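Inside the fold
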Amino acid sequence: MTILTALERLRRLLAVIPWVVERDGPLIDEIVERFDYRRSELLEDLEHVLFFVGVHPFTPDCLIDVSVAEGRVWIRYADWFRRPMRLGAAETIALYAAGRSVAAITDDDELGPLERALTKLASGMAPGDDRAVEVCLGPDSTHMIDIIRAAVTDRVSVDIDYYSYGRDVAGARLVDPYRFYADKGHWYVTGHCHEAGSQRVFRLDRISRCEPTSLTFDGPDAAEEVVDHIPTDGRLPEVVVELATEARWVVEEYPHSGVEEISGGKVRVCLPVSSPQWLERLLLRLGPTGVVVEAPEGLGIEVRSAAARRILAVYGV
Amino acid sequence: MKKLERMLNLVTAMLATERPLSRQELRYRVGAGAYSDNDESFRRTFERDKEELRSMGLPLSLEPVPGTDPPVDGYRIRPGDYETDLPSLTPDELAALHLASNLVRLRDAPRSDPFWRLGGILQVDSPDVGAVAEVPAGEAVRQLMTATAERRIVTFEYNGRNRTVEPHSLVFTRGRWYLAGHDQGPAGSRQFRVDRIDGSVVAGEADGFARPGDPVEVNVQPAWRYGEDQLLLARLLVHERHVPWMVDFLGEEAVLDRMEEGSVIVGESVRNRAAFRSFVLTFLDGVEILGPEELRSDMVQWLEALR
């Protein structure tokens, strides 16, 4: 712990005083832990600073009374600080929003204390404020989330049916789930996939069945690289696509390794291709607004033609 | 006198007074030796102390000292503004809230820790699971959060225009922050993507507007459900491999029929045909538009031009 500045000590003291006032001689050690206060600094501040705090003319009856004995502290005559400082409206609302987003993914059996805390926080908010700021991390399919989170905590392997978006196929897999998290509006779990023999990232809304097994696993292998993003360092083949103005969303939506403005509001973007199916989807959706201008063998415009023909076959054309 | 002692005595003097105190009165009441005898250096130190207390969130009010003409600036902290009126949290409630705020972290948010004021941080006996989500919260988001919470009117530039907005609702969803509120000119309910705000957000005075009983709410329906096109009810044949996702996304009520081989037929409203075509194409040959005919032939024509 580094030495705290006067302001950081003031911040803590204003919280410590009402907390001690409310109790009958709490342990110094407990204050150290709760308020992240170094013991020597806390003692110094209680005995050599707070002891001299009060109102004019600073006669003994105008001062806060502090006594430290046998590892405990008592604070009296601190009427000005009998209640903790109010949380700011934005602090309350941010804390409340974070708490609610966690409540949305918490099993009902464990929800009690969090829900009670949120109700207390909400009691200090203006009417309507409890819904003014919201954090939605991902779809609320709590059943699946419960199973995955429990499996991550207990290190239990899970048996899942998974649809691979990149390869456009579905199948069963055995996974050792390492980490559960939300990103850009979706829930994910990373883990060791026994079928692939390496770490993979799974999006929860693409898991259609998930069952815990009787198998457990050790912690993740730190040496194993987790690829949870599309690399833009040239490891993947890349195509250069010329985008019309209305197709510029592609630049925001997908990782790219370079973008260049050209005339008439058009841009040229260099996109890593994680799978041929990904490129098929993109080019079919863009149609005339996205033209491939550079591509390695087999990833040019022929990808689009073949995919269009395959889908047309479904329509009997 | 140490700075900490001076600051504490300053806060005490401002809390204990029943009327605003001038700078000179505070200098006297904080005690001999607290500030420099030199007037100019006292003024500088006092101004800095005041700003630091404000930055900590202390509600200093600035009011003229009664009976002064010309008016002299006076300072006080009203106990009603300072003291919390929240019921105290029990240890398990505090622990649950602290765990929640560690699971969902607001990235880039200042580390001012509200937990001390709620009763300190308890060392929770829980497995170290790591954060579940890091929600980006840059300068604009923090400004808008404060403005929404404190009902401050905000101004910012969006799509090349200056906007003056009463912020009703700020929502993080699908990986982005959205602001919904009443735009003052041209008047109307509007929604903004916070990452598309140009430059900085300027917030006005607290309680600058009254939040209506029916605030404008953030609405992020899929793009094909709202638009200018005539409303059509599309019927889609969904291949087995996409059924779990599609049914989860559209809801069980969208399922019109279930086929023997595991595929389903679903219904979905369409008001923007281009966006709908784009959505269906993400399933490649796994989803077929069965009808109505105009949507089906629109897809066929689109694909014929690309083959």
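The model shown is predicted, which means the values in this text are computed figures rather than measured ones.

In terms of helices and strands, chain B carries ten helices and 14 strands. In terms of overall size, chain B is more extended than a compact globule, its C-alpha atoms giving a radius of gyration of 29 Å where 307 residues would be expected to give roughly 19 Å. Counting over 307 residues, chain B shows a buried share of 49%. Relative to all contacts within chain B whose residues are 6 or more apart in sequence, the contacts with residues 24 or more apart total 60%. Side chains of chain B carry 38 positive and 50 negative charges; the gap between the two charge centres is 5 Å.

If you look at the biggest cluster of nonpolar residues, it comprises 122 residues, and the most contacted ones within it are A:I207, B:L58, B:L97 and B:W177. Tallying contributions element by element places helix α1 (residues 6-21) of chain A first for this core, with nine residues. Not counting chain neighbours up to four residues away, the residues in contact with B:L97 comprise A:L95, A:L114, A:A117, A:L118, A:L121, B:L89, B:F115 and B:L118. B:A234, B:V287, B:L295 and B:L306 belong to the second-largest nonpolar core, a separate cluster that totals 36 residues.

Let us look at the interface of chain A and chain B. Taken together, the contact between chain A and chain B spans 101 residues of the former and 98 residues of the latter. Where chain A abuts chain B, roughly 9100 Å² becomes buried across the two surfaces, and 65% of that area is made up of carbon and sulfur atoms. Interface area lost by chain A to chain B is led by A:M85, A:R86 and A:Y315, which between them contribute 9%. Where B:E83 meets A:R82, a salt bridge forms, and the shortest distance between an N and an O atom there is 3.4 Å. The interface formed by chain A and chain B contains 34 residue pairs in polar contact (both at pLDDT 80 or more). Where strand β3 (residues 133-135) of chain A lies against strand β7 (residues 161-173) of chain B, three bridges are found, and the strand directions are parallel. Bridge pairing links A:E134 to B:V171 in β7(B).

Here the focus is the domain arrangement of chain B. Domain annotation for chain B reports domain 1 (1-135), domain 2 (139-203) and domain 3 (223-304). On a C-alpha basis, the centroid separation for the pair domain 2 of chain B and domain 3 of chain B is 34 Å.

It is common to give the size of an interface as the accessible area lost on bringing the parts into contact. All names here are of chain A. The domains assigned to chain A are domain 1 (6-82), domain 2 (141-216) and domain 3 (238-314). Inter-centroid distance (C-alpha atoms) of domain 2 to domain 3 is 30 Å. Facing the five residues of domain 2 at the interface are four residues of domain 3. Of the roughly 360 Å² buried where domain 2 meets domain 3, counting both sides, 41% is carbon and sulfur surface. Three residues, Y165, G166 and D168, lead the burial of domain 2 against domain 3; their summed loss comes to 84% of the area buried on that side. Seen at the junction of domain 2 and domain 3, the total is zero salt bridges. For the pair domain 2 and domain 3, the interface holds three residue pairs in polar contact (both at pLDDT 80 or more). When grouped by side-chain class, the residues that make up the side of domain 2 that touches domain 3 number two nonpolar, one polar and two charged.

Attention now goes to the confidence of the model for chain A. Mean pLDDT for chain A: 88, with 96% of residues reaching 70 or above. No element of chain A has a lower mean pLDDT than helix α6 (residues 142-154) of chain A, at 86, and none a higher one than strand β2 (residues 72-76) of chain A, at 95.

Our next topic: the packing of helix α1 (residues 3-16) of chain B against helix α3 (residues 39-55) of chain B. Residue and element names in this part refer to chain B. Relative orientation of the contacting elements α1 and α3 amounts to 75°, with a least axis distance of 11 Å. When the axes of α1 and α3 are compared, the pair comes out roughly perpendicular. Counting all contacts with α1, which are made through K3, R6, M7, L10, V11 and M14, the residues of α3 involved are T45, F46, D49, E52 and L53. Here the contact of α1 with α3 is composed, by residue class, of six nonpolar, one polar and four charged.

This paragraph deals with the side chain of B:H168. Tracing the sequence through the fold places B:H168 in strand β7. Overall, B:H168 belongs to the buried group, its relative accessible area being 4%. With residues near it in sequence (within four places) discarded, B:H168 still touches A:A132, B:T148, B:A180, B:G181, B:H182, B:F209, B:R211, B:P212, B:P215 and B:V216.

Residue and element names in this part refer to chain B. The strand order β1-β3-β2 describes an open sheet built from three strands, whose pairing is antiparallel. Looking at the sheet topology across the chains shown, the edges are occupied by β1 (21-22) and β2 (60-64). Across five bridges, β2 lies against strand β3 (residues 73-77) in antiparallel orientation. Each bridged residue has a counterpart across the sheet, and for L60 the counterpart in β3 is I77.

Our focus in this paragraph is the pairing of strand β7 (residues 198-203) of chain A. Both faces of the sheet carry side chains from a regular strand, because those side chains alternate between them. Residues and elements named next belong to chain A. In the sheet, strand β6 (residues 186-193) pairs with β7 via six bridges, with the strands oriented antiparallel. Looking at β7, one finds that H192 is bridged to Q199. Counted between consecutive antiparallel strands, the loop separating β6 from β7 contains four residues, among which G197 sits at a positive phi close to 75°.

Bringing a negative patch on the surface into the picture now. On the surface, A:D108, A:D109, A:E110 and A:E115 cluster together to form a negatively charged patch. Within the secondary structure, A:D108 sits in the loop between α4 (89-103) and α5 (112-122).

Turning next to the confidence of the model for chain B. In this model, chain B carries a mean pLDDT of 90, and residues with pLDDT of at least 70 account for 95%. On the interface metric, ipTM, the complex scores 0.82, and its pTM is 0.82.

We now examine unusual backbone geometry. All names here are of chain B. The omega angle of the peptide bond from G185 to P186 is -10°, so this bond is cis rather than trans. For P186, the location among the structural elements is in the loop between β8 (176-184) and β9 (187-193). The step from G291 to P292 runs through a cis peptide bond, and the omega angle for that step is 0°. Mapped onto the secondary structure, P292 falls in the loop between β14 (287-291) and α10 (293-304). The backbone of N159 sits at a positive phi, close to 50°, despite the residue not being glycine. Following the sequence through the fold, N159 ends up in the loop between β6 (154-158) and β7.

On to the packing of aromatic side chains. Residues and elements named next belong to chain B. Scanning the model with the defined rule gives 23 aromatic pairs over all chains in all. Geometrically, the ring pair formed by F156 and F192 is edge-to-face, given 5.2 Å between the ring centres and 90° between the ring planes. Linking F156 in strand β6 with F192 in strand β9, this pair joins segments that are 36 residues apart in sequence. Ring pairing ties together the aromatic residues W224, W245, F249, F276, F279 and F283, which thus form one cluster. Over the ring of F42 we find R27, and its NZ or CZ is 4.3 Å from the ring centre.

Thresholds applied
Residues numbered from 1 in each chain as written. Chains lettered and ligands numbered in written order. Predicted model: local features only at pLDDT ≥ 70, side-chain atom pairs only at ≥ 80, totals over all residues. Heavy atoms only, no water. Helix = DSSP H or I, 4+ residues; strand = E, 2+ residues; numbered from the N terminus. Rg over C-alpha atoms; globule rule 2.2 N^0.38 Å. Buried < 20%, exposed > 50% of the residue type's maximum accessible area, 1.4 Å probe, protein only. Contact = heavy atoms within 4.5 Å. Lys, Arg positive; Asp, Glu negative; His and termini not counted. Charge placed at Lys NZ, Arg CZ, Asp CG, Glu CD. Core = buried A, V, L, I, M, F, W, Y, C linked by side-chain atoms within 4.5 Å. Buried area = accessible area lost by both parts, 1.4 Å probe. Salt bridge = Lys/Arg side-chain N within 4 Å of Asp/Glu carboxyl O. Polar contact = N/O pair within 3.5 Å; in protein donor to acceptor, adjacent residues only side chain to side chain. Pairing = 2+ DSSP bridges. Domains from an automatic or database assignment. Nonpolar A, V, L, I, M, F, W, Y, C, P; charged D, E, K, R; others polar. pLDDT = per-residue confidence, 0-100. Axes fitted to C-alpha atoms, helices over the stretch in contact; angles between N-to-C directions. Parallel < 35°, antiparallel > 145°, perpendicular 65-115°, else oblique. Patch = residues over 30% accessible without salt bridge, like charges linked within 9 Å, V, L, I, M, F, W, Y side chains within 5 Å. Areas by Shrake-Rupley, 256 points an atom, 1.4 Å probe, with all protein chains shown as cover. Phe/Tyr/Trp six-rings, centres within 6.5 Å; stacked < 30°, edge-to-face > 60°. Lys NZ or Arg CZ within 6 Å of the ring centre and 35° of its normal.

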